[in-house]
Each structure stands twice: as C-alpha cells, then as structure tokens.
Amino acid sequence: MPHLLLQLSVILATARVLALLLRRLGQPAVIGEMIAGFVLGPVVFGAVAPEWHAALFPKGGLAALHGLGQLGLVLFMFIVGAELRAPDGARARLVAAAWVGIPAVLLPAVLGLAIAPVLHRDYAPAGVGAWPFAAFLAAALAITAFPVMARILKDRGLTRSPIGQLSLAATAFADVLVWILLAFVVASIAAHGASAFVRTIGGLALACTVAFGVLRPLLARLLARHAHDGRPGGAVLGTLLVGTCAMAAASEWLGLHAVFGAFLFGACLPRDDRLLDTLVERLEHVAVLMLMPVFFVLAGLSTTVDAFTGAGAWALLLILAAAVLGKIVGAGAGARIAGLDARSSLAVGSLMNARGMMELVVLEVGRAAGVIGAGLFTLLMTMTIVTTLMAAPMLAACLRRADARAQAAATRE
C-alpha cells in the first residue's frame, strides 16, 4: 500500500503540473495529463533515471495501478456514452453531421489502410494478419476526441456556434461509426474461427438490443420517478454504477474490451442535460482527475524508446501525414458540402483532428487484443499528442483570420 500511494502521488503531481502548464499555453488540461503518461514512461523518465524508474514502476508491481486505470477507463467511457447527443434540429442537422462525419472517418481510414502494408512487417505482432492490423490502424486514425473538442469549444465560448454545433454532432456521428468498426476488429482478433466470431457479434447485437430496448425505458422510468430534477440520489447513482460495471463485464465475457459495455450503458441513458451535469459533477471529476492519469501512465509505460530508432522516424511521419490530412481534408470537405465557408470548414477539420483520450482508449483496446505491439503503440501515442496539440492553435488561427476578414469587410462598407 505505501508503494501504491507513492506511485499515485508521483502520477497525480506530474499530471497536475503538466496540466497547469498546458493550460497556460492555451491547451486543454487533459493534454498535459496525457503527456505526463509519456514523461513517466521509459521514453523520458526511464531514459533519464532508469534505476528510479524501475524502483517506482517495477514490472511485477503494476497490478493495483492496472485495476485503478481500468476502473477509470470504464467510468470515463460511461460518461462519454452519456454525453453523446443526436443533433438538434432533426433532419437538417443530422444530414449536415453525416456529411462531415462520414468523410472524417472514411478518408483517414482509407489512408490507414493504404499505409498498413508498409507498417505491417516491422510493427505487427507475430501471428497478427494483414487485414486485422490494417483495419485496426484505420480505426485508430479515424477516431476523434469528443471530450477534448467539447472542452476547447467551451473554453472559447463556441459551443452554441455553427462551428461548434456541427463539429460536436459530426464527431458523435463519426465516433459511433469508428466504435462499430473497432468492435468488429476486436471480435475478429479475439474469436478463433468463424463460429466464435458470429457468437461475439451476435452477443454484441443482443447487448445493444437489451440496452436500448429494455434498459433505456426502465432507466427512464427509474429516473423520472426517483430523480425527476435530474439529480439522482445515492441509491439511483449506485444503480447506474452497477449497470455500468455489469455491461462492462458482459462485453469482456463476449471477448470485447470492457469499454464497449460501459459506453453502451452510458449511451442508453435518457438524454437529460441535468442528469449529465450531475454525472459529470459526481463521477467525471474522480475518473478524469484521479483515475485517468493512472491510465495515461500505464499507457506511457507501454511505450518503448526503440520505436524512434531506425525507420521509426519515417514511420511516425507517415502516420502523422495520414492522420492529419485524413481528418482535416475529410472533415473540411464535408463541412464545405454542409454549407460552411472555407475558413469555418478548416476550423471544423482542425477540431476533428484532435484525438485526445479517445485515441488512447482505442490504443488500449488494440494493445489488450494483441493487434499492436509496443513500437506501433508508441508511434500512435505520439501522433495522438501531436494532433491534439494542433487543434486549439489551428482553431484560433482560423478564427483570427475570419475576424480580420469581417473587420476588413466592415471597413470597406
């Protein structure tokens, strides 16, 4: 226990310091927490002070941290599922979200499939075929960080703007597509044989049916009766946590990662902003501020400095090019089709290029399924940090140019 508490103290202190530093630089605090995981891993801390690193994070002494990290991951994905919203304004906004969301998934996924053969030989674990490896890489490049995007928009007061509304709706739409693809990829890896794959996918379809056909109306009645003001008491909140853990356990039993079940249970909750605010107040702060930094550090401990040697630098550039061009061009083109001007479309593409915590969740799923090794995990984690850091400055640049253009037009008039 003293060793675990020391580990938590170092993790939380490092995460808080880097979060505050990144906030001063105009970035969301969570990026600092993600970087903390990288800093405390073998690439930085392990290289600078290998003896201290081995003493603080011994290979045989991470079980307790792993349990805490997985718990944080389950709670976080439950909140992400609860945050998902269908676009307001019915059909018109849904169509606009689809115009942006589909190319924002399709183009980076296609580029991921294109570069996969180049990376497969050096970065695929033994026994992983070309197709599962390529499909996972496609999903990894196609994801967008809904929570990070929401935080950037909120910090800049753009949540209700056309850019913000379209970006959030498109990201919700796109991430659902990516999670469906990822579920199929993980099922194909975990299931040995066609019959096992069919059982896994059939079980997932049954879980979705139960969640939205049975649990959703039951939860709606429960909350309407015992939490009509949107603030569930301890008993109701405990019931929601039981459901989250049960669905997470069910998805593990199906051969999928626990995050699928937690996400599914959160998505089947009634869409009530008051309920969401309560869940964020009571659960997200604990999950994000204390437990998710543990997950980030465990992710950082899975990295390797060898990933940057030899052809690693070229592989990283290839991954970054596919990730950035895929998201910015795909989402930007979709936003133009949806009716935004060029600069606003570029702003939407810049926002959807942020991958943040969601990408690390995807990488953890891939690592746990054995579809990627330490080398590619390291390169993709680096890509995640770089693309997430790009979002806020690119958005600010687009907005500054738009303001300058508007002022120039007003002066001419």
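Residues numbered from 1 in each chain as written. Predicted model: local features only at pLDDT ≥ 70, side-chain atom pairs only at ≥ 80, totals over all residues. Heavy atoms only, no water.

(A) Molecular detail of the overall build of the protein. Counting secondary structure elements, the protein contains 17 helices and 0 strands. A globule of 413 residues ought to have a C-alpha radius of gyration of about 22 Å, and the protein, at 21 Å, matches this closely. Taken along its principal axes, the extent of the C-alpha atoms in the protein is 70 × 55 × 45 Å. Evaluated residue by residue, the protein yields a buried proportion of 54% over its 413 residues. Taking as baseline every contact in the protein between residues at least 6 positions apart, the subset at least 24 positions apart corresponds to 81%. For the protein, the computed accessible surface area is about 17,800 Å², with 68% contributed by carbon and sulfur atoms. (Helix = DSSP H or I, 4+ residues; strand = E, 2+ residues; numbered from the N terminus. Rg over C-alpha atoms; globule rule 2.2 N^0.38 Å. Buried < 20%, exposed > 50% of the residue type's maximum accessible area, 1.4 Å probe, protein only. Contact = heavy atoms within 4.5 Å. Areas by Shrake-Rupley, 256 points an atom, 1.4 Å probe, with all protein chains shown as cover.)

(B) Structural view of the nonpolar core. Core analysis: the largest hydrophobic core is formed by 105 residues, its most contacted members being Phe 136, Trp 179 and Leu 380. For this core, the element with the highest residue contribution is helix H9 (residues 162-190), accounting for 13 residues. By size, the runner-up hydrophobic cluster in this structure holds 21 residues, among which are Phe 78, Ala 227, Phe 265 and Leu 269. (Core = buried A, V, L, I, M, F, W, Y, C linked by side-chain atoms within 4.5 Å.)

(C) Quick peek at the packing of helix H1 (residues 2-24) against helix H13 (residues 273-301). The geometry of H1 relative to H13 is characterised by a closest axis approach of 9 Å and an angle of 95 degrees between their N-to-C directions. Considered as vectors, H1 and H13 are oriented roughly perpendicular to each other. Here H1 contributes Leu 8, Ile 11, Leu 12, Ala 15 and Arg 16 to the contact with H13, which in turn contributes Leu 289, Met 290, Pro 293, Val 294 and Val 297. In terms of residue class, the contact of H1 with H13 is made up of 9 nonpolar, no polar and 1 charged. (Axes fitted to C-alpha atoms, helices over the stretch in contact; angles between N-to-C directions. Parallel < 35°, antiparallel > 145°, perpendicular 65-115°, else oblique. Nonpolar A, V, L, I, M, F, W, Y, C, P; charged D, E, K, R; others polar.)

(D) Structural context of the state of the cysteines. Here the structure, examined in full by the defined rule, presents 0 disulfides. A disulfide-free cysteine, Cys 208 has its sulfur positioned 10 Å from the sulfur of Cys 268, the nearest such atom. With a relative accessible area of 31%, Cys 208 lands in the partly exposed category. (Disulfide = S-S within 2.5 Å.)

(E) Spatial organisation of the packing of helix H11 (residues 234-253) against H13. Running from N to C, H11 and H13 point in directions that differ by 65 degrees, and their axes come no closer than 13 Å. Judged by the angle between their axes, H11 and H13 are roughly perpendicular. In terms of crossing hand, the pair formed by H11 and H13 is right-handed. Seen from H11, the contacting residues are Leu 237, Leu 240 and Leu 241; seen from H13, they are Leu 279, Arg 282 and Leu 283. (Left-handed = near helix turned anticlockwise from the far one by under 90°.)

(F) Seen up close, a nonpolar patch on the surface. On the surface, Ile 102, Leu 106, Val 110 and Leu 177 cluster together to form a nonpolar patch covering roughly 320 Å² of accessible area. With respect to the secondary-structure elements, Leu 106 resides in helix H6 (residues 90-123). (Patch = residues over 30% accessible without salt bridge, like charges linked within 9 Å, V, L, I, M, F, W, Y side chains within 5 Å. Salt bridge = Lys/Arg side-chain N within 4 Å of Asp/Glu carboxyl O.)

(G) Spotlight on helix H15 (residues 342-352). With 8 of 11 residues buried, H15 lies mostly within the body of the structure. All of the buried residues in H15 are Ser 344, Ser 345, Ala 347, Val 348, Gly 349, Ser 350, Leu 351 and Met 352. Put simply, Asp 341 is the residue that caps the front of H15, since its side-chain oxygen is 3.1 Å from the backbone nitrogen of Arg 343. (Polar contact = N/O pair within 3.5 Å; in protein donor to acceptor, adjacent residues only side chain to side chain.)

(H) Local environment of the environment of Thr 387. Of note, Thr 387 is situated in helix H17 (residues 374-412). The class for Thr 387 is buried, based on a relative accessible area of 0%. Residues Thr 387 and Ala 323 lie 64 residues apart in sequence; the distance between their C-alpha atoms is 8.1 Å. Sequence-distant contacts of Thr 387, that is, excluding residues within four places in its chain, are made with Leu 320, Val 324, Asn 353, Ala 354 and Arg 355. Within the structure, the side chain of Thr 387 is placed 2.9 Å from the backbone oxygen of Met 383, a separation counted as a polar contact. For Thr 387, the side chain forms a polar contact with the main-chain oxygen of Thr 384, separated by 3.2 Å.

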